[in-house]
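Tertiary structure, described
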Amino acid sequence: MGYKIGYTSGVFDLFHIGHLNLLQRAKEQCEYLIVGVTIDDLVAYKNKKAVIPFEERIKIISAIKYVDIAVPQESIDKLEAWNKYKFNVIFVGDDWKGSESWIIYENELKKVNVDVVYFPYTKGTSSTLINNTLIYLRDGNT
């Protein structure tokens, strides 16, 4: 374990293996893992609505053995999260690597000695894909 306190965040809607992989890999690299679970009002930043309500999503994340504490993510601003939790590393899916917002976050977090670690995105599964499949099946398009 290279880091004392790690942080990651997400909506964690329709929990799947990609979510579990992220949490497991994150915990393998830090002693204490804080997981921010996006509140329902903030899910709109992804231009969608969570299928599973926040209260249930945070309960699910809290029950996972790799998670030391699950907290509400009330802002997408990672520096706000750092000011609150003082983590040494933040774990992110590599689908964000190189994006304008994460280039900015990397530079800002570097100033407070926080490493950004990108994990490979789990190919073939996502909450969006699962949700679209369920909508397709529900609407009788089998």
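Now for a quick tour of the structure. (Residues numbered from 1 in each chain as written. Predicted model: local features only at pLDDT ≥ 70, side-chain atom pairs only at ≥ 80, totals over all residues. Heavy atoms only, no water.)

**Notes on the packing of helix H3 (residues 78-85) against helix H4 (residues 100-110)**
Put simply, H3 and H4 touch, their axes get as near as 10 Å, and they point 30 degrees apart. Our classification of the angle between H3 and H4 gives roughly parallel. Between H3, through Lys78, Leu79 and Trp82, and H4, the contact on the second element is made entirely by Trp102, Tyr105, Glu108 and Leu109. Considering only residue class, the contact of H3 with H4 consists of five nonpolar, no polar and two charged. (Axes fitted to C-alpha atoms, helices over the stretch in contact; angles between N-to-C directions. Helix = DSSP H or I, 4+ residues; strand = E, 2+ residues; numbered from the N terminus. Parallel < 35°, antiparallel > 145°, perpendicular 65-115°, else oblique. Contact = heavy atoms within 4.5 Å. Nonpolar A, V, L, I, M, F, W, Y, C, P; charged D, E, K, R; others polar.)

**Brief notes about the nonpolar core**
One finds Leu23, Leu33, Val35, Val37, Ile61, Val67 and Phe91 to be the most contacted residues of the largest nonpolar core, which totals 22 residues. Broken down by secondary-structure element, the contributors of at least two residues to this core are helix H1 (17-28), strand S2 (30-38), helix H2 (54-62), strand S4 (89-93) and strand S5 (115-119). Top contributing element to this core by residue count: S2, with four residues. Every residue in contact with Val67, bar those within four places of it in the chain, is listed here: Leu23, Leu33, Val35 and Ile61. With 14 residues, the next largest nonpolar core counts Trp82, Tyr85, Tyr105 and Tyr118 among its residues. (Core = buried A, V, L, I, M, F, W, Y, C linked by side-chain atoms within 4.5 Å. Buried < 20%, exposed > 50% of the residue type's maximum accessible area, 1.4 Å probe, protein only.)

**Considering the environment of Asp13**
In this structure, Asp13 sits in the loop between strand S1 (3-10) and H1. Placed 38 residues apart in sequence, Asp13 and Val51 show a C-alpha to C-alpha distance of 6.5 Å. Reaching out from Asp13, the side chain makes a polar contact with the backbone nitrogen of Val51 at a distance of 2.6 Å. A distance of 2.8 Å separates a polar atom in the side chain of Asp13 from the backbone nitrogen of Ile52. (Polar contact = N/O pair within 3.5 Å; in protein donor to acceptor, adjacent residues only side chain to side chain.)

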